[in-house]
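Here is what each chain is made of, one letter per residue.
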Amino acid sequence: MPDPLWALAIGAGLALLLAGLFWPERGLWPRWRRTRELTERVLTEDALKHIHKWEMKGRRPTVESLAGALQVPRDRVAQLLANMEQLGLLTSQGGDLHLTAAGRDAALHIIRAHRLWERYLADQTGYDEADWHGQAERLEHTLPPAEVDALAARLGHPTHDPHGDPIPDSAGRFVAHGGQPLTALPPDTPAQIVHIEDEPEVVYAQLVAEGLYPGMAVRLIELTPQRVRFWANGDEHVLAPLLAANISVVPKPAEAEGKQAVKAAPPAIPLSALRLGEQAEVVGISPRCRGPERRRFMDLGILPGTVVTAELVSPSGDPTAYRIRDALIALRKEQADLIHVAPRPAPAASPNGDRPTVGQEPRPEEAEAPSSP
Amino acid sequence: MSQTAQLTGPLSTGGPAARPSQPAVTPDQILATARSLRWQVGSDYHQALMEAIYTEAARIADRAVTRPGEKPRFDLDRTIDRLVTSRVWGFPLMILLFTLVFWITISGANIPSQLLSNLLIGVVYPWLHRLADLIGLPWWLTGLLIDGVYLSTAWVVSVMLPPMAIFFPLFTLLEDFGYLPRVAFNLDNLFKKAGAHGKQALSLMMGFGCNAAGVVSTRIIDSPRERLIAILTNNFALCNGRWPLQILIATLFLGGLVAAPWAGLIAALSVVGVAVLGVLFSFAASWALSRTVLRGQPSTFSLELPPYRPPRVLQTIYTSLIDRTIIILGRAVMFAVPAGAVIWLTANVHVGGASIAEHLVRLLDPIGLLIGLNSVILVAYIVAIPANEIVIPTILMLTVLVTGMSDVGAGAGVLFELENTEDLMRVFQASGWTLLTAVNLMLFSLLHNPCSTTIYTIYKETGSRKWAAVGALLPLAIGFVVTFLVAQVWRLVAG
């Protein structure tokens, strides 16, 4: 029989070895796979993306900016640029970098693959918002054009990625979101978030943590050099101007989106804020909730106009059961957060609830029914 | 053509494609218009369209559906709901009900199990032997068919059928009444912290009856990620087939540690302790799975709390017997037949002077000792993979075979059980069992690969070999690590 101490030591050593090899992200195996992925082609494609992005922003990409974005030494970048020039992807006259037509096409293909993949992750999988960008960064290099087109078809040819960036179509055409930074918005103008910059990751993670997403209605309250105070979907947010500049907004067209404006008119609160016994009318489902979960909500009959009553709370505190169209449905708090409702006065007849709560108000029809024959 | 124009009409006010009277419109122009319109309508029109369809459906339904009677039992439902989900009574009621269900199952299954065993093994088995003698079958065919195939199948049926036939109908009655969704509702917060669905509480409890049935019952979870978690961690619920081993070992070894009046209590507590440990492992595994391999699976939570209904007793008993008991039993028998043959063959086919079983035992000896078990137990778990019910008889048979005891046992490859605890202890001590072996056997019985019926069911339910492999190897790996650690620490402390 082996000495127990030795056995334990060998066992612990083995466990450490396995962890060192396969630990997600930091293990030797994932690292080795990453360095193998970082080939010349990947670097070229990332460089194309970077130059295109800076051109779009009206800034001049440089060797330094490329070295920073690709995280490789500057002489490596110089060598890379020489190669790319030889391939006819860009021209560099006197340090000015410009994409050629072929270079722009290649860059747009990569951007299309990246944004489509983000759209896919957001709509069809359970990955967190913080994971989307990193995964798309990897996959954009592996998808051939035919597969990108198939993905676009499967997603119903989406026009925007989940951050609000336009997705170029297969011929590379797209319309920029045309928003201005939140910090440039005059106070008290109703506006809508059209884009949230997903780089750098640290900043994006903070914006996600604030619960901000494209499609949100916003209104600036106060802008000082220290902070930006604004309303977003009825909640007050305070951000540093540096962060707020990463949010792009367009002033809300009051007329074209008339229907939307009417919908947003009643003070909407999340369903989770409803207290037991209170009744509310559904205003809408947050745009952040997409894919299978959104469909599930609609299957359950959570639609604008549906009357919802909070009825039971689990003894452990979390799921709350709501009466929705005569059925008792339990929803977790994070889910109820995604449903916007307008509170209604409680039924006045009897607080005991003798009168049943009916889904939508069929009262007019009921009144009509006897008179119709 | 005109339809296209009508569709785009309201969107593009006066665009070139909106005039159907102009014949000179080429397909390219229409496509170009469509493309530019796509950017105008924005990214959410698919969803807006879908929402409009749903809203329209709801409007039509509200107008067409009348609700006569206005629910006379509405108040009763509410009263029951307030009681079973109340802060004070919710959990005690739940524990009481499930203790009752398990108590009825365990105590009620003893008698029919004994009767079945007496019939299938006490009466039919010798009768089959006489029949074989009568028609003059060669000894190896008699051994393979009757001692191997028939005996292990009969064993599985007599141990497995009665508890399932009691547990499943009871459980289905609770389900039919509408109580089980309330249990999921009460426990959801706990499961949420492990990244799982509240309904996993139900599949886990079903797993205490039978893991295969537990895996099937995860169909009630409609969220893909949470369903996979429930499937992969169901094996941590100590199933019916493993209770007898736990009770036997706990009574013999752990109960024997204390004075006689306390023996029963200690044994019972240690078995319950193992079951609770299983639930804890199930939570831990759920937590780890939801944060690693299953991170990207889509997840949608919703839990419907249906109105209470008086249970339809006869129908429930019938369907739960047909749907659950018979199907599971059928699968178990399907696997027990070849396993019986394999068990008999390993004990009777000799290679180089020793049976295959003896070779295997010698081969696995170092591993068995390292993890505080012995190689006989490991071999038993390998050949008895079809059903946990036959692990104990297989261990007994193999021990007698390897140690060459002559006064107990029924011959090479023939499963048997001993009523007499002194004989049992004698067999165990002959192969060098200690308290550590007993404790680790109880742990390994909880933490090892599920039986082949369950593995096959996981494969059927997930449609994936990968998940079936994960479901089989994950608990086995945990079992090896836990028993290894316990063995080393035990030896260090005990000197």
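Since we're looking at a predicted model, the values are computed, not measured. (Residues numbered from 1 in each chain as written. Chains lettered and ligands numbered in written order. Predicted model: local features only at pLDDT ≥ 70, side-chain atom pairs only at ≥ 80, totals over all residues. Heavy atoms only, no water.)

Draft legend 1. Up close: the overall build of chain A. Scanning chain A for helices and strands turns up 14 helices and 14 strands. For chain A, with 373 residues in total, the buried portion stands at 44%. A fraction of 61% describes how many contacts in chain A between residues 6 or more apart in sequence connect residues 24 or more apart. (Helix = DSSP H or I, 4+ residues; strand = E, 2+ residues; numbered from the N terminus. Buried < 20%, exposed > 50% of the residue type's maximum accessible area, 1.4 Å probe, protein only. Contact = heavy atoms within 4.5 Å.)

Draft legend 2. Structural view of unusual backbone geometry. Residues and elements named next belong to chain A. The phi dihedral of R325 is positive, around 50°, even though this residue is not glycine. When you line up the elements, R325 lands in the loop between β12 (320-324) and β13 (327-331). Unlike most non-glycine residues, D326 shows phi in positive territory, near 75°.

Draft legend 3. Main features of the sheet that holds strand β10 (residues 279-285) of chain A. An order of β9(A)-β14(A)-β10(A)-β11(A)-β12(A)-β13(A)-β1(B) is seen for the seven strands of this open sheet, with the pairing classed as antiparallel. The sheet is open, and its two borders are formed by β9 (269-270) of chain A together with β1 (303-305) of chain B, each paired with just one other strand. Bridge analysis of strand β11 (residues 307-313) of chain A against β12(A) gives five bridges, and the strand direction is antiparallel. Note that in β12(A) the partner of V308(A) across the bridge is I324(A). Most of the contacts of helix α7 (residues 180-193) of chain B go to β1(B), to which it runs at about 130°, and overall it touches β11, β12 and β13 of chain A together with β1 of chain B. (Pairing = 2+ DSSP bridges. Axes fitted to C-alpha atoms, helices over the stretch in contact; angles between N-to-C directions.)

Draft legend 4. Representation of a nonpolar patch on the surface within the structure. All names here are of chain A. A surface patch of nonpolar side chains, about 840 Å² in accessible area, is lined by L14, L17, L18, L21, F22, L28, W29 and W32. Looking at the nonpolar patch, the elements that each hand over two or more residues are α1 (4-22) and α2 (28-37). If one sorts the elements of the nonpolar patch by residue count, α1 sits on top with five residues. Positionally, L18 belongs in helix α1. Residue classification places L18 among the partly exposed positions, given a relative accessible area of 48%. (Patch = residues over 30% accessible without salt bridge, like charges linked within 9 Å, V, L, I, M, F, W, Y side chains within 5 Å. Areas by Shrake-Rupley, 256 points an atom, 1.4 Å probe, with all protein chains shown as cover. Salt bridge = Lys/Arg side-chain N within 4 Å of Asp/Glu carboxyl O.)

Draft legend 5. Representation of the domain arrangement of chain A. All names here are of chain A. Examined at the domain level, chain A breaks down into domain 1 (28-99), domain 2 (180-251) and domain 3 (265-373). Taken residue by residue, the interface counts four residues in domain 2 and four residues in domain 3. In total, about 320 Å² of surface goes out of reach between domain 2 and domain 3, with carbon and sulfur atoms giving 56% of it. Among the residues domain 2 hides against domain 3, the three largest losses belong to G211, Y213 and N233. Together they make up 81% of the total. (Domains from an automatic or database assignment. Buried area = accessible area lost by both parts, 1.4 Å probe.)

Draft legend 6. Focus on helix α17 (residues 421-430) of chain B. Residues and elements named next belong to chain B. Of all the positions in α17, only L424, V427 and F428 are classed as buried. In a view along the axis of α17, the buried residues occupy a sector of 95°, so they form one face of it. With respect to the buried face of α17, the exposed residues turned more than 90 degrees away are E422 and Q429. One or two positions beyond α17, positive phi appears at G432, with a value near 75°. (Arc of directions from axis to C-beta.)

Draft legend 7. Representation of the packing of helix α14 (residues 356-370) of chain B against helix α16 (residues 391-403) of chain B. All names here are of chain B. Closest axis-to-axis distance for the α14/α16 pair is 10 Å, and the angle between their directions is 90°. What the angle tells us is that α14 and α16 run roughly perpendicular. The residues of α16 that touch α14, namely those facing A357, E358 and V361, are L398, L401 and V402. Its residues assigned to classes, the contact of α14 with α16 comprises five nonpolar, no polar and one charged. (Parallel < 35°, antiparallel > 145°, perpendicular 65-115°, else oblique. Nonpolar A, V, L, I, M, F, W, Y, C, P; charged D, E, K, R; others polar.)

Draft legend 8. Focus on the packing of helix α8 (residues 200-209) of chain B against helix α12 (residues 260-291) of chain B. All names here are of chain B. Two elements in contact, α8 and α12, have axes whose closest approach is 12 Å; the angle formed by their N-to-C orientations is 140°. One finds that α8 runs oblique with respect to α12. For α8 against α12, the interelement crossing comes out right-handed. Only A275, V279, S282 and S286 of α12 make contact with α8, whose side of the interface consists of Q200, L204 and F208. Classifying every residue of the contact of α8 with α12 by side-chain character gives four nonpolar, three polar and no charged. (Left-handed = near helix turned anticlockwise from the far one by under 90°.)

Draft legend 9. Structural context of the nonpolar core. Counting residues in each nonpolar core, the largest one holds 111 residues, and the members touching the most others are I249(B), I395(B), F428(B) and L441(B). Among the elements that take part in this core, helix α6 (residues 139-177) of chain B stands out by supplying 13 residues, more than any other. Core analysis: the next-biggest nonpolar cluster, separate from the first, contains 36 residues, Y120(A), A122(A), I167(A) and A244(A) among them. (Core = buried A, V, L, I, M, F, W, Y, C linked by side-chain atoms within 4.5 Å.)

Draft legend 10. The packing of aromatic side chains, seen in detail. All names here are of chain B. Under the defined criterion, the tally for this structure stands at 17 aromatic pairs over all chains. Pairing W139 with W344 gives two aromatic rings, centres 6.1 Å apart and planes at 50°, and the pair type is tilted. Taken together, the residues W139 in helix α6 and W344 in helix α13 (residues 313-348) connect sequence positions 205 residues apart. W139 gets classed as exposed once you look at its relative accessible area, which sits at 61%. For W344, a relative accessible area of 5% gives the class buried. With 5.4 Å between their ring centres and 25° between their planes, F167 and F171 make a pair best called stacked. Here the residue F167 and the residue F171 both occupy positions in helix α6, the gap between them amounting to four residues, near one helical turn. By relative accessible area, which is 1% here, F167 ends up buried. Accessibility expressed as a relative area gives 2% for F171, which makes it buried. Ring pairs connect the aromatic residues F98, F102, F167, F168, F171 and F208, which therefore count as one cluster. (Phe/Tyr/Trp six-rings, centres within 6.5 Å; stacked < 30°, edge-to-face > 60°.)

Draft legend 11. Geometry of the confidence of the model for chain A. All names here are of chain A. Per-residue confidence for chain A averages 79 on the pLDDT scale, and 87% of its residues sit at or above 70. Counting interchain partners and residues more than four positions distant, the pLDDT-below-50 stretch residues 255-265 has two contacts. Scored below 50 in pLDDT, residues 348-373 makes 29 contacts in the model with residues more than four places away or belonging to other chains. (pLDDT = per-residue confidence, 0-100.)

Draft legend 12. Here's a closer look at the pairing of strand β14 (residues 339-344) of chain A. All names here are of chain A. Two strands pair when backbone bridges link them, and β9 and β14 are joined in this way by two bridges, in the antiparallel orientation. Bridging across to β14, I269 finds its partner in V341. Sheet topology note: the β10/β14 ladder contains six bridges and is antiparallel. From the neighbouring strand, I285 faces β14, where its bridge partner is I339.

Draft legend 13. Structural view of the pattern of salt bridges. This model, assessed by the stated rule, comprises 29 salt bridges over all chains. K49(A) is the salt-bridge partner of E137(A), the closest N and O atoms lying 2.8 Å from each other. Of this pair, E137(A) sits in helix α7 (residues 129-139) while K49(A) sits in helix α3 (residues 40-57), and the two are 88 residues apart along the sequence. Residue class for E137(A) comes out partly exposed when judged on its relative accessible area of 24%. Taking the relative accessible area as the measure of exposure, K49(A) reaches 15% and is therefore buried. D222(B) is paired through a salt bridge with R296(A); the nearest N and O atoms lie 2.9 Å apart.

Draft legend 14. Structural detail: the interface of chain B and chain A. In this complex, chain B contributes 55 residues to the contact, which on the side of chain A involves 65 residues. Each partner contributes to the roughly 5500 Å² buried at the junction of chain B and chain A, and carbon and sulfur atoms together form 57% of this total. Summed over the shared surface of chain B and chain A, the result is eight salt bridges. Here R78(B) and E311(A) are joined by a salt bridge, their closest N and O atoms 3.0 Å apart. Joining chain B to chain A, the criterion identifies 18 residue pairs in polar contact (both at pLDDT 80 or more). For the side of chain B that touches chain A, the secondary-structure elements that each account for two or more residues are α2 (27-41), α3 (45-64), α4 (74-84), α7, β1 and α20 (465-494) of chain B. At nine residues, α3(B) tops the list of elements feeding residues into the side of chain B that touches chain A. Considered class by class, the residues forming the side of chain B that touches chain A number 16 nonpolar, 17 polar and 22 charged. (Polar contact = N/O pair within 3.5 Å; in protein donor to acceptor, adjacent residues only side chain to side chain.)

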